[in-house]
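Tertiary structure, described
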Amino acid sequence: MAKLTVDSAFVEEVLIGNNGAWGLKTSEPHSRKNDQDRWETVGRTFRTLKVSRNSGISLERFNKGDRITFEGREVTESKKSADGAKTYYDLVVWADAVELAGSARTAPAAEPVDAWATEDPNLPF
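Here goes a summary of the coordinates provided.

Calculation rules
Residues numbered from 1 in each chain as written. Predicted model: local features only at pLDDT ≥ 70, side-chain atom pairs only at ≥ 80, totals over all residues. Heavy atoms only, no water. Helix = DSSP H or I, 4+ residues; strand = E, 2+ residues; numbered from the N terminus. Buried < 20%, exposed > 50% of the residue type's maximum accessible area, 1.4 Å probe, protein only. Contact = heavy atoms within 4.5 Å. Pairing = 2+ DSSP bridges. Salt bridge = Lys/Arg side-chain N within 4 Å of Asp/Glu carboxyl O. Axes fitted to C-alpha atoms, helices over the stretch in contact; angles between N-to-C directions.

Here the focus is the overall build of the protein. Helix and strand counts for the protein come out as one helix and five strands. When the helices and strands of the protein are placed in sequence order, the string is β-β-β-β-β-α. Buried residues in the protein amount to 26% of all 125 residues. Of the contacts made within the protein by residues no fewer than 6 positions apart, 51% connect residues no fewer than 24 positions apart.

Attention now moves to the pairing of strand 1 (residues 2-17). In this structure, strand 1 lies alongside strand 4 (residues 67-80), joined through seven bridges in antiparallel fashion. Looking at the pairing, A2 lines up with E74 of strand 4. Of the strand pairs in this sheet, strand 1 and strand 2 (residues 20-33) are connected by seven bridges, and their pairing is antiparallel. Looking at strand 2, one finds that V14 is bridged to L24. If you look at the hairpin formed by strand 1 and strand 2, you'll find two residues sitting between the two strands.

With respect to the helices and strands, E40 occurs in strand 3 (residues 39-50). Through-space distance from the C-alpha of E40 to that of P29 is 9.6 Å; in sequence the pair is eleven residues apart. Sequence-distant contacts of E40, that is, excluding residues within four places in its chain, are made with H30, S31, R32 and N34.

The next thing to look at is the pattern of salt bridges. The tally for this structure, following the rule as stated, stands at eight salt bridges. When the shortest N-O distance is used, the salt bridge between K3 and D96 registers 2.7 Å. Of the two residues, K3 sits in strand 1 while D96 sits in strand 5 (residues 87-100), which places them 93 residues apart along the sequence. The class of K3 is exposed, set by a relative accessible area of 57%. Note that K50 is salt-bridged to E77, the shortest N-O span being 3.4 Å. Remark: E77 occurs in strand 4 and K50 occurs in strand 3; sequence separation between them is 27 residues. A relative accessible area of 15% places K50 in the buried class. Using a relative accessible area of 30% as the deciding quantity, one classes E77 as partly exposed.

Here the focus is the pairing of strand 4. The pairing of strand 4 with strand 5 spans 13 bridges and is classified as antiparallel. Directly across from K79, in strand 5, lies its bridge partner Y88. Taking the residues between adjacent antiparallel strands as the criterion, strand 4 and strand 5 are bridged by six residues, where G84 takes a positive phi near 80 degrees.

Before going further, it helps to spend a moment on the sheet that holds strand 2. Reading around the circumference, 1-2-3-5-4 is the order of the five strands in this closed barrel, with mixed pairing throughout. For this sheet, the mean inter-axis angle between neighbouring strands, taken without regard to orientation, is 50 degrees. Relative to strand 3, strand 2 is paired through eleven bridges, and the arrangement is antiparallel. Paired with S31 across the two strands is T41, which belongs to strand 3.

Nothing here speaks to function; it is geometry throughout.
Structure representation (structure tokens):
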């Protein structure tokens, strides 16, 4: 079990059961610069994000394709195939926090605001 923080991952699938969304299948892309000085994806880490029932975190608001950030405890879970011939492994994160990436900047305002007249506390400068 390891503590994990992921700054950018994409929702591949929302896992829905009888009581609503119980998990998210995610992919975290890994990139590097190529010889032309452009970024290219060289691999992905796939995880299943789960939350406990008493965590207060609702996964209902996430959709396929959303970019998210999360932190939690990562464990490897295994299960056997129906005939017992193969063992499958899944990286699972029991999330303590899940947010849309950049959600502070993309939250809609209650009323129209003059963007030039106000300061954004989320800007890095």
